[in-house]
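# Remarks on the overall topology
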Amino acid sequence: MSTDIENLFKDKVIGHPAGLFVIFFTEMWERFSFYGMRILLILFLTAPILSDNPGWEWPRENALALIGTYGSLLYLTPILGGWIADKITGYRVAVVIGCLIMTLGHAAMAIETTTSFYLGLGLLILGTGFFKPNMTSMISDMYKGKESKKDGAYTIYYMGVNAGAFFGMMLCGYLAENKGWSYGFGLAGIFMLLGLIQFWLAKDLFGNIGGKPSGVYEVELPQNINEEHPKEHETNVPPTEKLNPFTTFDKILIVLSSAGGLLYLFNDPLEKIGDTSLAPFTVGSLSGSNFIVLAALVLFLILLITRISRYVPIVRDRIIAVSIFGVFTVFFFAFFEQSLGSMTLFARDYTDRSLVGNSAMIFKIVDLLLTTIPLIIITWVLVLLTKKTYKKIGLSNVVLAIAFAGLWFLVIYRLMDKFSQDGNEVDATWFGILNSFFIITLAPFFSRWWESKYNPSAAMKYGIGLVLLGLGFAFLSYGTGDIPQGAKTASVSMIFLILAYLFHTMGELCISPVGLSYLSKLVPGRMIGFMFGIWYLAIAVGQKAAGTMGGMIDDISERYSLSTFFLIFTLIPIGVGVISIILNPLLKRLMHGVR
């Protein structure tokens, strides 16, 4: 392994091994496909059947129930996919399997039949499970013994994530809204396929990195989530710390709470869309589905409390701190993920997207610069990569060049189409790119803040992030103040939506780097896997909550107003953020010196 790492570092691009940029571009195409498809979901499902670009005309509540379940499962399958890669396939093969399954999923969705649509979603969920956890694991493998460079590597990697999301939402959205939904769904699949091919053809560059796990590997890097084999880890256990293996009772609680949660995830959209139920009973005023999910939550809390209570005081306190941050994470994602749900509906149905005269020309120039400057920079990185690796992975470079030629063609075609119009109507999907744009531009400033002497504590970062998130919704609440009760359309200035995305992104930059970083610092090494699973579970719960709460947009708008809907989304995050700030001294004590 060490020889492979040294070989990788011989061919450097911008100070990092060329292999990092193979991963960069693979992740970029995957995120292009993922976000390009995902932003279309809510628009396609709710678009009128009788229109120039017909959709399925689902009620918003039904569409967001399905999207919430889809988003939630995307964070649950990686728990299984990571375990399979650790134990059986290795990271590289798992990534290839994931890419292939997702390519088939995008192809199925492009057909636009009911059967192919659900099949496509299922394949995308399964493929993401194989892909998502294993790209970062490969980076971790590549930088063993070179930890000082790892932060820079992850920064480059996340630039790939945001570049893919940026161009995916822009181009898939443009084709879907202006040419037809199949074009948008199909384009996502084409670039996913190209990403798969270029990664597979570059496999020789990595040597054994990300290869099939060996017995030696498993001992050196224990990934044992269930802590069933303490002898393997005895040398890593502090003398004052007792082991805490899972009991039979723990395992029963895990099975029951997992089954209850999964039943709710599938049953919620099934009840709304299919008018059928996997739990056709009531308990008092609770439906069977709601009773089961509440029971699953209680069982999970019992599991968490009983396990935590068995640890020595310092470990126990730190896991309590992680659990509290997990609760804040649920709240954050429940509101932040409105961006691909109720906020996309707001962009389509309630935002004045028509521009004329000077404002139209200014927007076209801004759009031109926003699109071409990042693409020029990324193309330059591609040229540097090709210069370093064309003798080793020439075919991979060719496939990558074909993908970029296609990307440039689509970007130029879109810009020419927009400039040929007298005025300009901004696509509803265009607003989705703002999050990626703001991350790329603001991340360096936040990074400097975290590295300065004014670096806030974890609880303060969560508090600031949640307050910023709430303030973003405050702009929407204010902007919709004049919309009549129950209105389905309106023409609110787009500045309110742009400001909302700006504040939401600043909130994300406060919180996203914090969670997993502190989890890795606070949790004992031998139970990192288990707690990472819990963390993905927290995000999954937030995703489902986002769909459920976003689905209330029509009900609250008809009873009160759209402004009230967004006011609720303003007050709750700000309230939870204030609680995080108040808890700062307590959380510092629970963390026992970890910063």
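What comes next concerns the included structure. No experiment lies behind these values; they were computed from the predicted model shown.

## A few points about the environment of F191
- Secondary-structure assignment places F191 in helix α8 (residues 181-201).
- Of the residues examined, F191 reaches a relative accessible area of 3% and is grouped as buried.
- Sequence spacing of F191 and A458 is 267 residues, and the spatial spacing of their C-alpha atoms is 38 Å.
- What F191 contacts, discounting residues up to four positions off in sequence, is W29, F32, S33, A403, G406, L407 and L410.

## Some points on the environment of S33
- With respect to the element layout, S33 can be found in helix α2 (residues 18-46).
- Sequence separation between S33 and F167 is 134 residues; the distance between their C-alpha atoms is 9.4 Å.
- Among all residues touching S33, those that are not within four sequence positions of it are H106, A188, F191 and M192.

## Quick notes on the packing of helix α12 (residues 313-336) against helix α19 (residues 528-550)
- α19 packs onto α12 with a crossing angle of 30 degrees between their chain directions and a minimal axis gap of 7 Å. Comparing their axes, α19 and α12 come out roughly parallel. Two packed elements cross with a definite hand, and for α12 against α19 that hand is right-handed. Of α19, the residues touching α12 (which contributes I319, V322, F325, G326, T329, V330, F333, A334 and F335) are M531, W535, A538, I539, V541, G542, Q543, A545, A546 and M549.
- Class assignment for the residues of the contact of α12 with α19 results in 15 nonpolar, four polar and no charged.

## A look at unusual backbone geometry
- The phi angle at E57 is positive, at roughly 55 degrees, despite the residue not being glycine.
- With respect to the secondary-structure elements, E57 resides in the loop between α2 and α3 (60-73).
- The phi torsion at H592 lies on the positive side, around 50 degrees, for a residue other than glycine.
- Along the chain, H592 turns up in the segment after α22 (584-591).
- On the basis of relative accessible area, H592 is assigned to the partly exposed category, the value being 34%.

## Quick notes on a nonpolar patch on the surface
- A surface patch of nonpolar side chains, about 750 Å² in accessible area, is lined by I14, M361, I365, L369, I373, I377, W380 and F419.
- Along the polypeptide, I365 turns up in helix α14 (residues 357-389).

## A word on the packing of α12 against helix α21 (residues 562-582)
- The interhelical angle for the contact between α12 and α21, taken along N-to-C directions, is 155 degrees, at an axis separation of 11 Å. Here α12 is positioned roughly antiparallel relative to α21, judged by the angle of their axes. As α12 runs across α21, the sense of the crossing is left-handed. Of α21, the residues touching α12 (which contributes F328, F331 and F335) are F569, I572, P573, V576 and S580.

Basis of the calculations
Residues numbered from 1 in each chain as written. Predicted model: local features only at pLDDT ≥ 70, side-chain atom pairs only at ≥ 80, totals over all residues. Heavy atoms only, no water. Helix = DSSP H or I, 4+ residues; strand = E, 2+ residues; numbered from the N terminus. Buried < 20%, exposed > 50% of the residue type's maximum accessible area, 1.4 Å probe, protein only. Contact = heavy atoms within 4.5 Å. Axes fitted to C-alpha atoms, helices over the stretch in contact; angles between N-to-C directions. Parallel < 35°, antiparallel > 145°, perpendicular 65-115°, else oblique. Left-handed = near helix turned anticlockwise from the far one by under 90°. Nonpolar A, V, L, I, M, F, W, Y, C, P; charged D, E, K, R; others polar. Patch = residues over 30% accessible without salt bridge, like charges linked within 9 Å, V, L, I, M, F, W, Y side chains within 5 Å. Areas by Shrake-Rupley, 256 points an atom, 1.4 Å probe, with all protein chains shown as cover. Salt bridge = Lys/Arg side-chain N within 4 Å of Asp/Glu carboxyl O.

Any functional reading would require information that these geometric values do not contain.
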